[in-house]
Amino acid sequence: MRFLLGKNYEQMSRKAANLISAQVILKPDSVIGLATGSTPLGLYETLISWYMKGDISFSKCRTVNLDEYVGLDPKNEQSYAYFMNKNLFKFIDIKPENTHLPNGLNLDNDAECKRYDELIKSLGGVDIQLLGIGNNGHIGFNEPSDEFKAGTNCVKLTESTIKANSRFFESIDDVPKFAYTMGIRSIIQAKYIVLVASGKNKAKILEEALFGPVTPQNPASILQMVENLAVCGDEEAFSVIKEKHKDIIFE
Ligand code: F6R
């Protein structure tokens, strides 16, 4: 496990963007696992600026997103398909047909989960997976529970996640109650994982996930089992780890 420390959000984003860009330069047809949420926005902006400068091309890349709300049309501004287009895809040279998300409009949960797992398999698995961490330790929408769910699954969102995500909706009642998410197995089978975390409110859960017991009650704790993991954080996100684990070397 590597710890990449940025003095602030911008620097953390740049360090994480470097890892993604190195992957794409070394393997132009990489399969990139992407995340939504606030934390990757700086990283996406950085990748866009490098693309615009001509330093990097995504023309051969394939992407698979972690998750999508059930019931939302890709044209809905709150859908993750819309988010990805608005914040990354429309600015770079990725081919739209090479970008994939779970289909929120497929209400046949079993069929959609199976389709997404088969799609990831048909692409040869994920080369580099970007992850954020929820305030409760969720990764993708794998919420704390009694078991780690292996494959893509349909999740009932917890109250805490609905509350956290309500900032993007007009009212908390508009937040969908279910989401499709890539499962823990697909996530940890990625050849490389980049976890990004920013801000004080992530400091405690990040320390618990990376140094506490491995338990489905803290889904991100499964990342302790992964060798090829880079945790990119800013000073605030790493504050508890820094305080409790003086031996950790930050790059
Ligand atoms: C989003 C996702 C979520 C977020 C997490 C953190 O695709 O998979 O697990 O990464 O909720 O979100 P932010 O970055 O907004 O704190």
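Residues numbered from 1 in each chain as written. Predicted model: local features only at pLDDT ≥ 70, side-chain atom pairs only at ≥ 80, totals over all residues. Heavy atoms only, no water.

Trainee: Talk me through the nonpolar core; I want residue IDs and the actual numbers.
Mentor: Most often, soluble globular proteins have nonpolar side chains that are buried together. L43, F58, V64, V194, L206 and L223 are the most contacted members of the largest nonpolar core, which has 65 residues in total. Setting aside chain neighbours within four positions, we find L206 in contact with I133, L195, A197, V231, A237, F238 and I241. In this structure, Y69, Y80, I162 and A179 belong to the second largest nonpolar core, which totals 12 residues. (Core = buried A, V, L, I, M, F, W, Y, C linked by side-chain atoms within 4.5 Å. Buried < 20%, exposed > 50% of the residue type's maximum accessible area, 1.4 Å probe, protein only. Contact = heavy atoms within 4.5 Å.)

Trainee: Which residues make up the layout of surface pockets, and what values go with them?
Mentor: Estimates place the volume of the largest pocket at around 790 Å³. Elements that contribute at least two residues to the lining of the largest pocket include exactly β4 (67–69), α3 (80–87) and α5 (159–165). Broken down by element, the residue count for the lining of the largest pocket peaks at 5 residues, all from α3. Taken together, the residues that form the lining of the largest pocket break down as 14 nonpolar, 18 polar and 5 charged. Roughly 230 Å³ of volume is contained in the second largest pocket. When grouped by side-chain class, the residues that make up the lining of the second largest pocket number 8 nonpolar, 4 polar and 1 charged. (1 Å grid on protein atoms, 1.4 Å probe; cavity = no way out; pocket = protein on both sides within 12 Å on 5 of 7 lines; lining within 4 Å. Points joined across faces, edges and corners; volume = space filled by probe spheres on them. Helix = DSSP H or I, 4+ residues; strand = E, 2+ residues; numbered from the N terminus. Nonpolar A, V, L, I, M, F, W, Y, C, P; charged D, E, K, R; others polar.)

Trainee: Explain the site of the ligand residue by residue, including any values.
Mentor: Looking at the ligand, there are 14 residues lining it, with T39, D67, H138, G140 and K202 nearest. Note that an oxygen atom of the ligand is positioned 3.1 Å from one of the side-chain N or O atoms of R167. (Near = heavy atom within 4 Å. Polar contact = N/O pair within 3.5 Å; in protein donor to acceptor, adjacent residues only side chain to side chain.)

Trainee: Describe the packing of helix α2 (residues 41–52) against α3, listing the residues and the values that go with them.
Mentor: Contact geometry of α2 with α3 gives a least axis separation of 10 Å together with a crossing angle of 45°. Considered as vectors, α2 and α3 are oriented oblique to each other. Facing α2, whose interface residues are L41, Y44 and I48, α3 presents F83, M84 and N87. When the residues that make up the contact of α2 with α3 are grouped by side-chain class, the tally is 5 nonpolar, 1 polar and no charged. (Axes fitted to C-alpha atoms, helices over the stretch in contact; angles between N-to-C directions. Parallel < 35°, antiparallel > 145°, perpendicular 65-115°, else oblique.)

Trainee: Got a sec to walk through the sheet that holds strand β8 (residues 178–181)? Specific residues and values, please.
Mentor: The 3 strands lie next to each other as β4-β8-β7, forming an open sheet whose pairing is antiparallel. The open sheet has two free edges, formed respectively by β4 and β7 (153–156), since each of these has just one partner strand. Taken pair by pair, the neighbouring strands of this sheet meet at an average axis angle of 25°, ignoring direction. Here β4 runs beside β8; their pairing, made up of 3 bridges, is antiparallel. Pairing of E68 across the sheet is with Y180, part of β8. (Pairing = 2+ DSSP bridges.)

Trainee: Quick one: what's the story with the pattern of salt bridges, residue by residue and with numbers?
Mentor: Once the charged atoms of two side chains with opposite charge are near each other, the side chains can pair. Counted by the stated rule, this structure contains 10 salt bridges. Between D127 and K27 there is a salt bridge, with its nearest N and O atoms 2.8 Å apart. In this pair, D127 sits in the loop between α4 (109–122) and β6 (128–131) while K27 sits in the loop between α1 (9–26) and β2 (31–34), placing the two residues 100 residues apart along the sequence. Put simply, K242 and E235 hold a salt bridge, and the shortest N to O gap is 3.0 Å. One network of salt bridges, in which partners are shared, links K27, D127 and K191. (Salt bridge = Lys/Arg side-chain N within 4 Å of Asp/Glu carboxyl O.)

Trainee: With reference to specific residues and values, describe the sheet that holds strand β3 (residues 62–65).
Mentor: Taken in spatial order, the 7 strands make up an open sheet running β1-β10-β9-β6-β2-β3-β5, and their pairing is parallel. Strand pairing shows two members of the sheet lacking a second neighbour, β1 (2–6) and β5 (99–100), which therefore form its edges. Bridge count between β1 and strand β10 (residues 229–234): 5 bridges; the pairing is parallel. Paired with G6 across the strands is D234, a residue of β10. The sheet strands contacting helix α7 (residues 203–211) are β1, β9 (192–197) and β10, and the helix crosses β10 at an angle near 160°.

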